[in-house]
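Structural overview for review
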Amino acid sequence: MMRTSVRLAVAAFGLVVATFFACSQQHSRVVVGTAVQALEENGDGSRSLDAVDHTAWDRLLHRYVDEDGMVNYAAWKNHQEDRAALERYLATLSAADPRAPTSKEGRLAFWINAYNALTVYGILRVYPTDSIRNHTAKLFGYNIWDDLLLPVGSEKYSLNDMEHKILRTLGEPRIHFAIVCASIGCPRLRNEAYTPDRLEEQLADNARDFFSRQKNLQVDAAERVIRVSSILDWFGTDFGPTPQAALKSLLEYMPADAKQVISSNSFSVSFLEYDWSLNRQ
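What comes next is a walk through the structure. (Residues numbered from 1 in each chain as written. Predicted model: local features only at pLDDT ≥ 70, side-chain atom pairs only at ≥ 80, totals over all residues. Heavy atoms only, no water.)

To continue, consider the overall build of the protein. Scanning the protein from N- to C-terminus turns up 11 helices and six strands. Every one of the 281 residues in the protein was classed for burial, and the buried ones make up 47%. (Helix = DSSP H or I, 4+ residues; strand = E, 2+ residues; numbered from the N terminus. Buried < 20%, exposed > 50% of the residue type's maximum accessible area, 1.4 Å probe, protein only.)

The following block contains the structure:
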């Protein structure tokens, strides 16, 4: 009888915890954009990701982001019309059909813009704040990477969905120099939108810019040591099977001193501490 009572008590407690967790998770979710219940084939490609107009996002980036990728969140937060413009842009993304025939460049440009725009929206929603990590609860409560959702077509996508389930599966590892988690340690946020016709140029420029900055790359030629951003630690296998192979695959984007060390057959790699401070002006 005692054992039965204990088992029942444990089961009841587990049910309470599970219910609390489910309710907490449901309550913490934030959905932006516009849910599309039924997708219709227009026959003209108008719902393809290739056809999405990113002009509104481009204008906002020009206005609030500087050449170093730092964002004037305070001014953006205080400009009601431009906050509304960002919401309208996200609604435009919602109306696209991710299942429609789309070029690889169009798919990449769409989801990179979606990731960055949703992240900016999420920061503006909680600003003032000094780090996105203040909003990434691990167990209970709001986690911006999981609970901020953008409907696209008939599905809802979190930032983690966009990064890990979509972008990282497209065979273009340079997305890691394009998607920006609102932190100093991230690559710079370009002050222009990504477009299918300029995507290769933009990704190559991002990679060169990323490795030109000391916060992301430090070279000790005498010791043959490359110190590089933790992004290459967390996602290095997207570039190559080892840290050395990953850096060799990126050789064309490196400054001269790094190229000399990486081109050798023997060098070591260590990873720099990541700065989660907000990328604010």
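This paragraph deals with helix 2 (residues 55-64). Owing to its 3.6 residues per turn, the α-helix brings residues three or four apart onto one side. Every buried residue of helix 2 is listed here: Trp57, Leu60, Leu61 and Tyr64. Buried residues of helix 2, seen end-on, are gathered within an arc of 100° and therefore sit on one face of the element. As for helix 2, its buried residues are in contact with helix 3 (73-78), helix 4 (80-94) and helix 5 (104-126). (Arc of directions from axis to C-beta. Contact = heavy atoms within 4.5 Å.)

What follows is about the nonpolar core. Core analysis: the biggest nonpolar cluster contains 79 residues, and Leu86, Trp111, Phe211 and Leu232 have the highest contact counts within it. When residues in this core are grouped by element, the largest group, 13 residues, is from helix 5. Those residues in contact with Trp111 that lie beyond four places of it in its chain are Leu49, Pro98, Val152, Tyr157, Met162, Ile166 and Leu167. (Core = buried A, V, L, I, M, F, W, Y, C linked by side-chain atoms within 4.5 Å.)

This brings us to the packing of helix 2 against helix 4. The geometry of helix 2 relative to helix 4 is characterised by a closest axis approach of 9 Å and an angle of 145° between their N-to-C directions. In the crossing of helix 2 with helix 4, the sense of the turn from one axis to the other is left-handed. For the pair helix 2 and helix 4, contact is made by Ala56, Trp57, Arg59, Leu60, Arg63 and Tyr64 and by Asp82, Ala85, Leu86 and Tyr89, respectively. Across the contact of helix 2 with helix 4, the residue classes break down as seven nonpolar, no polar and three charged. (Axes fitted to C-alpha atoms, helices over the stretch in contact; angles between N-to-C directions. Left-handed = near helix turned anticlockwise from the far one by under 90°. Nonpolar A, V, L, I, M, F, W, Y, C, P; charged D, E, K, R; others polar.)

Under the counting rule described, the total for this entry stands at 16 salt bridges. In this structure, Asp97 engages Arg99 in a salt bridge whose closest nitrogen and oxygen atoms are separated by 3.7 Å. Asp97 gets classed as buried once you look at its relative accessible area, which sits at 2%. One continuous salt-bridge network, built from bridges that share partners, spans Asp68, Arg188, Arg190, Glu192, Arg198, Glu201, Asp205, Asp209 and Arg213. (Salt bridge = Lys/Arg side-chain N within 4 Å of Asp/Glu carboxyl O.)

The three strands lie next to each other as 1-2-3, forming an open sheet whose pairing is mixed. A single partner strand is all that each edge strand has here, and the edge strands are strand 1 (30-31) and strand 3 (155-157). Two strands pair when backbone bridges link them, and strand 2 (residues 148-152) and strand 3 are joined in this way by three bridges, in the antiparallel orientation. Considered in strand 3, the bridge of Leu150 is made with Tyr157. Its contacts with the sheet place helix 7 (residues 159-166) against strand 2 and strand 3, and it is angled at close to 95° to strand 3. (Pairing = 2+ DSSP bridges.)

In space, the three strands of this open sheet follow the order 4-5-6, with mixed pairing throughout. With one partner strand each, in any of the chains shown, strand 4 (217-220) and strand 6 (268-271) form the two edges of the open sheet. Ignoring which end each strand starts from, the neighbouring axes of this sheet average 20° apart. Note: strand 5 (residues 225-228) against strand 6, four bridges, orientation parallel. Across the sheet, Arg227 pairs through a bridge with Ser270, a residue of strand 6.

Topologically, Pro151 is positioned in strand 2. For Pro151, a relative accessible area of 1% puts it in the buried group. Remark: the alpha-carbon pair of Pro151 and Ser94, spanning 57 residues in sequence, is separated by 5.3 Å.

The next thing to look at is the pairing of strand 5. Where strand 4 lies against strand 5, four bridges are found, and the strand directions are antiparallel. The residue bridging Gln218 from the neighbouring strand is Arg227, located in strand 5.

Taken as a whole, this structure holds 14 aromatic pairs when the rule is applied. Put simply, the rings of Trp57, Tyr64, Trp76 and Tyr89 touch in pairs and so form one group of aromatic residues. Taking NZ or CZ as reference, Arg133 lies 4.9 Å from the ring centre of Trp276, over its face. (Phe/Tyr/Trp six-rings, centres within 6.5 Å; stacked < 30°, edge-to-face > 60°. Lys NZ or Arg CZ within 6 Å of the ring centre and 35° of its normal.)

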